[in-house]
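Report on the structure
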Amino acid sequence: MGKLSICRQNVPMKSVPSRLPKIDQAGVARRLEALRDALGLDKGEFAQSFGLDPSSYSKVLQGKKPLKSEYGHAIAEGWGVSMDFIYRGDMSRIDETLRAKVMQNLTAPMR
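Overview of the structure. In this text, all values refer to a predicted model and were calculated from it rather than measured experimentally.

Concerning the overall build of the chain
When you go through the chain residue by residue, the secondary structure sums to six helices and zero strands. For the chain, the sequential pattern of α-helices and β-strands runs α-α-α-α-α-α. Looking at the chain as a whole, 28% of its 111 residues qualify as buried. When contacts within the chain are restricted to residue pairs at least 6 apart in sequence, those whose partners lie at least 24 apart make up 46%. A total accessible area of about 8,200 Å² is found for the chain, and carbon and sulfur atoms account for 53% of it.

Things to note about the pattern of salt bridges
In this structure the tally under the stated criterion is five salt bridges. Residues Lys43 and Glu33 are paired through a salt bridge, measuring 3.8 Å at the closest nitrogen-oxygen approach. Of this pair, Lys43 sits in helix H2 (residues 43–49) while Glu33 sits in helix H1 (residues 25–39), and the two are ten residues apart along the sequence. Taking the relative accessible area as the measure of exposure, Lys43 reaches 40% and is therefore partly exposed. With relative accessibility at 16%, the residue Glu33 sits in the buried group. Members of the salt-bridge network, linked through shared partners, are Glu33, Arg36, Asp37 and Lys43.

Considering helix H6 (residues 96–107)
In this model H6 runs 16 Å from its N-terminal to its C-terminal C-alpha over twelve residues, within 8% of the 16 Å that 1.5 Å per residue would give. Along H6, the residues classified as buried are Leu98, Val102 and Leu106. Viewed along the axis of H6, the buried residues span an arc of 70°, placing them on a single side of the element. What points out from H6, more than 90 degrees from its buried face, is the exposed set Glu96, Thr97, Gln104 and Thr107. Looking at the buried positions of H6, the neighbouring elements they touch are H1, helix H4 (69–79) and helix H5 (83–88). Capping the start of H6, Asp95 holds a side-chain oxygen 3.1 Å from the backbone nitrogen of Thr97, two or three residues further along.

Overview of the packing of H1 against helix H3 (residues 54–61)
The angle between the axes and the distance between the axes are what describe a pair of packed helices. The interhelical angle for the contact between H1 and H3, taken along N-to-C directions, is 125°, at an axis separation of 9 Å. One element, H1, and the other, H3, form an angle in the oblique class. In contact with Ala29, Leu32, Glu33 and Arg36 of H1, H3 contributes Tyr57, Val60 and Leu61. Class assignment for the residues of the contact of H1 with H3 results in five nonpolar, no polar and two charged.

Side note on the environment of Pro54
The residue Pro54 is located in helix H3 in this model. Not counting residues up to four positions away in its chain, the partners in contact with Pro54 are Gly44, Ala47 and Gln48.

Calculation rules
Residues numbered from 1 in each chain as written. Predicted model: local features only at pLDDT ≥ 70, side-chain atom pairs only at ≥ 80, totals over all residues. Heavy atoms only, no water. Helix = DSSP H or I, 4+ residues; strand = E, 2+ residues; numbered from the N terminus. Buried < 20%, exposed > 50% of the residue type's maximum accessible area, 1.4 Å probe, protein only. Contact = heavy atoms within 4.5 Å. Areas by Shrake-Rupley, 256 points an atom, 1.4 Å probe, with all protein chains shown as cover. Salt bridge = Lys/Arg side-chain N within 4 Å of Asp/Glu carboxyl O. Expected span 1.5 Å × (residues − 1). Arc of directions from axis to C-beta. Polar contact = N/O pair within 3.5 Å; in protein donor to acceptor, adjacent residues only side chain to side chain. Axes fitted to C-alpha atoms, helices over the stretch in contact; angles between N-to-C directions. Parallel < 35°, antiparallel > 145°, perpendicular 65-115°, else oblique. Nonpolar A, V, L, I, M, F, W, Y, C, P; charged D, E, K, R; others polar.

This is how it looks when you write it as structure tokens:
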């Protein structure tokens, strides 16, 4: 039996950046709040819907804590958005009705 090769020969691997890009925490917070408003939930209800306590959710919104990936995944699975939406703003995989509501909240003046 031959050896299993993980990479093809003579194909250069993409280099791994020495530093990963920082996540735009303010953008994450704004998208979470736009989604929450679109769903018609208060902050506590929304936080609890994906297993985060309301005080920790407030810290995420204030930029004091990052949104951990397990919570991002729970939001994505529970509310029909993607992690790309949460962390990068990609709205391409959101249902049209929800996308319109989220977009309306994202473009509204900050409260």
